[in-house]
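# Report on the structure
Each chain, written out:
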Amino acid sequence: MANPVPSACCVVLAVVVVVYAQRHSQQDSHIQYERVGADVTMKCGSMDWDAAVTWTANGTDIDESHLNGSYLILKNVDLTQSGQYSCYEGSSWHLKYQTSLRVGTPPKEPVLMCRSNNYPKGFYCSWHLPTPTYIPNSFNISVIHGTREMVCEKDVFPKNRCHIRYLQLFSTVKYKVTLTVTNPLGKNSTTLTFDEFTIVKPDPPESVVAKPVPNNPRRLEVSWQNPSSWPDPESFPLKFFLRYRPLILDQWQHVELSDGTSHTITDAYAGKEYIIQVAAKDNDIGTWSDWSVAVHATPWTEEPKHLTTEAQVTETTSASTSSFMPPPTTKICDKGAVVGSGAVAVCWTAGLVVAAYGVLFI
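Note that the coordinates shown come from a computational prediction; the quantities given were computed from them, not determined experimentally.

### Quick notes on the packing of aromatic side chains
A complete count under the given rule lists 14 aromatic pairs for this structure. With a centroid separation of 6.1 Å and 70° between ring planes, the pair formed by W55 and Y97 is classed as edge-to-face. You can see W55 sitting in strand β3 (residues 53-57) and its partner Y97 sitting in strand β8 (residues 94-104), a full 42 residues away along the chain. The exposure classification of W55 matches that of Y97, with both residues buried. Ring geometry for F241 and W288: centres 5.4 Å apart, planes at 45°, overall tilted. Residue F241 is found in strand β19 (residues 238-246), and its partner W288 is found in the loop between β22 (274-282) and β23 (295-297); the two are separated by 47 residues along the sequence.

Structure representation (structure tokens):
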């Protein structure tokens, strides 16, 4: 006779698999965007208001206190309530509705900046939002020069930047750049209008090096290179601004240089470590670059001369004394010497006095 237990187990397992598949099937699903603080109502697909349903959020059953009939009611939603919501019919667990709730905010006015760091080739514009929206945003940028619309080629990375090539140099016609940001909860925009020369701003100088000048305790030699992004320094030369200070002080000293890529600081404090930076600017137009990466240097100091320490002097003296041997001397005796109240024979050898009454050191 066949054992009925394995067959029963197989039937139960099949039922569990079917129910699981029904709970996780997506018969009716979409994305729903809601503002932070909003009251949200979700309907269970085509189910009647008084139908028996079960709602889940990210796979966890939702308490019936949040239901109004078969509708799910969420009050004053916040970011933590974003997730996948599902509605099932009664005890059969047939999936009737599913939505991905995304809670966020409409975009605020974007921050837009345009700059030419490779003049005269062109300029770029970059942008960002002042605060996050927590939901996807799309950006559209338009560039108009006079009556002509120009192409702004977007970078692969970073994604929030595009480049425009100059079609005409030294133009007096203004550029107008408009950026619009849109998401499912709203949109916003901003516009910049500017002349070609006002947005010229080089990148900071590169390869800044500072080193001491031999035998000059108050000098530092500083050198640097033009920014590699500046395409034609011969035709469009840069001038430079040098700042430096000792680490012990907060006040900077400044030097503006009309040409060249080096400078000798002549008023440094001897033996004090200095911090040094350089900025660059087109000779005629635009604004100063940001400061270069800071470098540190200390003026030349004379190597200290070799000094004999007191311990070395003591050691040398001790060694000399221990190795000293006095030369042999002649023994001299004086039989008539008087010591105390009597006449005795006294002899001395190399400073040692021998008397009948004892030994004296002289």
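### Some words on the side chain of Q98
Topologically, Q98 is positioned in strand β8. Within the structure, the side chain of Q98 is placed 2.8 Å from the side chain of S86, a separation counted as a polar contact.

### Some remarks on the pattern of salt bridges
Applying the stated criterion to the full structure yields five salt bridges. One salt bridge connects R161 with D155, and the closest N-O pair in it is separated by 2.9 Å. Judged by relative accessible area, R161 falls into the partly exposed class, the value being 25%. Linking D290 and K201 is a salt bridge whose minimum nitrogen-to-oxygen distance equals 3.1 Å. Residue D290 is located in the loop between β22 and β23, and its partner K201 is located in the loop between β16 (186-194) and β17 (206-213); the two are separated by 89 residues in the primary sequence.

### A short note on the nonpolar core
Ranked by internal contacts, the top residues of the largest apolar core, which has 41 residues, are F123, I141 and I276. Not counting residues within four places of it along the chain, the set of residues in contact with I141 comprises L112, C125, W127, C152, K154, C162, V177, T178 and L179. By size, the runner-up hydrophobic cluster in this structure holds 16 residues, among which are M47, A51, W55 and V77.

### Quick notes on the sheet that holds β23
With antiparallel pairing, the four strands of this open sheet are ordered in space as β20-β19-β22-β23. Looking along the sheet, the strands with just one partner apiece sit at the ends: β20 (253-257) and β23. Ignoring strand direction, the axes of neighbouring strands in this sheet form an average angle of 25°. Direction of pairing for β19 relative to β20: antiparallel, over a ladder of five bridges. Bridge assignment links Y244 to a residue of β20, and that residue is Q253.

Rules behind the numbers
Residues numbered from 1 in each chain as written. Predicted model: local features only at pLDDT ≥ 70, side-chain atom pairs only at ≥ 80, totals over all residues. Heavy atoms only, no water. Phe/Tyr/Trp six-rings, centres within 6.5 Å; stacked < 30°, edge-to-face > 60°. Helix = DSSP H or I, 4+ residues; strand = E, 2+ residues; numbered from the N terminus. Buried < 20%, exposed > 50% of the residue type's maximum accessible area, 1.4 Å probe, protein only. Polar contact = N/O pair within 3.5 Å; in protein donor to acceptor, adjacent residues only side chain to side chain. Salt bridge = Lys/Arg side-chain N within 4 Å of Asp/Glu carboxyl O. Core = buried A, V, L, I, M, F, W, Y, C linked by side-chain atoms within 4.5 Å. Contact = heavy atoms within 4.5 Å. Pairing = 2+ DSSP bridges. Axes fitted to C-alpha atoms, helices over the stretch in contact; angles between N-to-C directions.

Taken by themselves, the reported measurements are silent on function.
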